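Residue-level structural notes
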Amino acid sequence: DVKVTQSSRYLVKRTGEKVFLECVQDMDHENMFWYRQDPGLGLRLIYFSYDVKMKEKGDIPEGYSVSREKKERFSLILESASTNQTSMYLCASSPQTVRNSPLHFGNGTRLTVT
Amino acid sequence: AQRVTQPEKLLSVFKGAPVELKCNYSYSGSPELFWYVQYSRQRLQLLLRHISRESIKGFTADLNKGETSFHLKKPFAQEEDSAMYYCALGDGNKLVFGAGTILRVKS
């Protein structure tokens, strides 16, 4: 069974801090994704990666960056956290294009920026 | 631009009643559509996809290209169906999600 693990379930950070959200998958998937989940807005794609060191912007990349140095790990970085980045962050992975395989999600990291 | 619209934020039905969760999409190519579900305190997971044409937990969804819809249906709701449901559109390597609909099944 595919496992996508997000390192923290809850995080509380202060405005201006640099924040790292970590995600690891154990099934050798090529694609990895970071979404944020907000009530009334659904899931919005921040960044995704289809290979090591490759990344593409999603719909809301502003204020975020990502790192994928190893295939199994995809990190989301908030360069300078702001209160409007308080949200639930979901990591997901898939082995190839979504036409062939669904996304597998982690449990999420609830980030609060004060 | 690709877009998924779920017009209802909340749908509340009684146990045993039929359920229809609405989803409309906007896509220029041949769409690949999915329904994902998130039960309380569980991770988001795939419920079904249109290409499989399957019924999962009694739910079905038919792609209607003329109406650009992919509504999720179940003839008799059960309390354990209470969850957040997201419709999603495949766009190459990524998924575009709707805003989600909370389904509450009352006893």
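Structure: above.
Below is a summary of the structure that appears in this document. (Residues numbered from 1 in each chain as written. Chains lettered and ligands numbered in written order. Predicted model: local features only at pLDDT ≥ 70, side-chain atom pairs only at ≥ 80, totals over all residues. Heavy atoms only, no water.)

**Thoughts on the overall build of chain A**
If you tally the helices and strands in chain A, you get 0 helices and 11 strands. Walking chain A from its N terminus toward its C terminus, one meets helices and strands in the order β-β-β-β-β-β-β-β-β-β-β. Relative to its length of 114 residues, chain A is compact, with a C-alpha radius of gyration of 13 Å against a globular reference of 13 Å. In terms of principal-axis extent, the alpha carbons of chain A reach across some 40 × 30 × 25 Å. (Helix = DSSP H or I, 4+ residues; strand = E, 2+ residues; numbered from the N terminus. Rg over C-alpha atoms; globule rule 2.2 N^0.38 Å.)

**Brief notes about the overall build of chain B**
The helix and strand tally for chain B stands at 0 helices and 11 strands. For chain B, the sequential pattern of α-helices and β-strands runs β-β-β-β-β-β-β-β-β-β-β. Computed over its C-alpha atoms, the radius of gyration of chain B comes to 13 Å, within 12% of the 13 Å expected for a compact globule of 107 residues. Considering only C-alpha atoms, chain B reaches an extent of 40 × 30 × 25 Å along its principal axes. Classification of the 107 residues of chain B by burial places 45% in the buried group. With an accessible surface of roughly 5,400 Å², chain B has 48% of that area assigned to carbon and sulfur atoms. Measuring between centres, the 15 positive side-chain charges of chain B sit 5 Å from its 10 negative side-chain charges. (Buried < 20%, exposed > 50% of the residue type's maximum accessible area, 1.4 Å probe, protein only. Areas by Shrake-Rupley, 256 points an atom, 1.4 Å probe, with all protein chains shown as cover. Lys, Arg positive; Asp, Glu negative; His and termini not counted. Charge placed at Lys NZ, Arg CZ, Asp CG, Glu CD.)

**Some thoughts on the state of the cysteines**
In total, this model carries 2 disulfides over all chains according to the counting rule given. A sulfur-sulfur separation of 1.9 Å characterises the disulfide bridge that pairs Cys23(A) with Cys91(A). Since a negative S-S torsion denotes a left-handed disulfide, the Cys23(A)-Cys91(A) link at about -80° is left-handed. Taken together, the residues Cys23(A) in strand E3 (residues 19-25) and Cys91(A) in strand E9 (residues 87-94) connect sequence positions 68 residues apart. Note on Cys91(A): relative accessible area 0%, which makes it buried. The disulfide partner of Cys23(B) is Cys87(B), and the gap between their sulfur atoms is 2.0 Å. An S-S torsion of about -65° defines the bridge between Cys23(B) and Cys87(B) as left-handed. Placement of the pair is Cys23(B) in the loop between strand E3 (19-21) and strand E4 (24-26) and Cys87(B) in strand E9 (residues 83-91), with a sequence separation of 64 residues. (Disulfide = S-S within 2.5 Å.)

**Considering the interface of chain B and chain A**
With 21 residues of chain B in contact, the opposing surface of chain A contributes 24 residues. Taking both partners together, chain B and chain A bury about 2,000 Å²; carbon and sulfur atoms supply 51% of that area. Inspection of the chain B/chain A interface yields 7 residue pairs in polar contact (both at pLDDT 80 or more). Every element with two or more residues in the side of chain B that touches chain A is listed here: strand E5 (32-38), strand E6 (45-49), E9 and strand E10 (94-97) of chain B. For the side of chain B that touches chain A, a count of residues per class yields 10 nonpolar, 6 polar and 5 charged. (Contact = heavy atoms within 4.5 Å. Buried area = accessible area lost by both parts, 1.4 Å probe. Polar contact = N/O pair within 3.5 Å; in protein donor to acceptor, adjacent residues only side chain to side chain. Nonpolar A, V, L, I, M, F, W, Y, C, P; charged D, E, K, R; others polar.)

**Focus: the packing of aromatic side chains**
Counted according to the given criterion, the structure contains 11 aromatic pairs over all chains. Ring centres of Phe33(A) and Phe48(A) lie 5.9 Å apart, and the angle between their planes is 20°; this geometry places the pair in the stacked category. Linking Phe33(A) in strand E4 (residues 31-38) with Phe48(A) in strand E5 (residues 42-49), this pair joins segments that are 15 residues apart in sequence. Taken together, the ring pairs in this structure connect Phe33(A), Tyr35(A), Phe48(A), Phe105(A), Phe34(B), Tyr36(B), Tyr86(B) and Phe97(B) into an aromatic cluster. One cation-aromatic arrangement involves Arg9(A) over Tyr10(A); the distance from NZ or CZ to the ring centre is 5.8 Å. The ring of Phe14(B) is capped by Lys106(B), whose NZ or CZ atom sits 4.4 Å from the centre of that ring. (Phe/Tyr/Trp six-rings, centres within 6.5 Å; stacked < 30°, edge-to-face > 60°. Lys NZ or Arg CZ within 6 Å of the ring centre and 35° of its normal.)

**Quick word on the nonpolar core**
Formed by 25 residues in total, the largest nonpolar core has its most connected members in Trp35(B), Leu47(B), Leu48(B), Phe70(B), Leu72(B) and Tyr85(B). Those elements that provide at least two residues to this core are strand E2 (10-14), E3, E5, E6, E9 and strand E11 (101-106) of chain B. The residues touching Leu72(B), leaving out its near neighbours within four places in the chain, are Val19(B), Glu20(B), Leu21(B), Trp35(B), Leu47(B), Leu48(B), Phe59(B), Thr60(B), Ala61(B) and Tyr85(B). Counting 20 residues, the second largest nonpolar core, distinct from the first, contains Val4(A), Tyr64(A), Phe74(A) and Ala81(A). (Core = buried A, V, L, I, M, F, W, Y, C linked by side-chain atoms within 4.5 Å.)

**Here's the deal with the sheet that holds strand E7 (residues 64-70) of chain A**
Residue and element names in this part refer to chain A. Read across the sheet, 4 strands follow the order E1-E3-E8-E7 without closing on themselves; strand pairing throughout is antiparallel. Each edge of the open sheet is held by one strand with a lone partner, namely strand E1 (4-6) and E7. Averaged over all adjacent pairs, the angle separating strand axes in this sheet is 20°, with direction ignored. (Pairing = 2+ DSSP bridges. Axes fitted to C-alpha atoms, helices over the stretch in contact; angles between N-to-C directions.)

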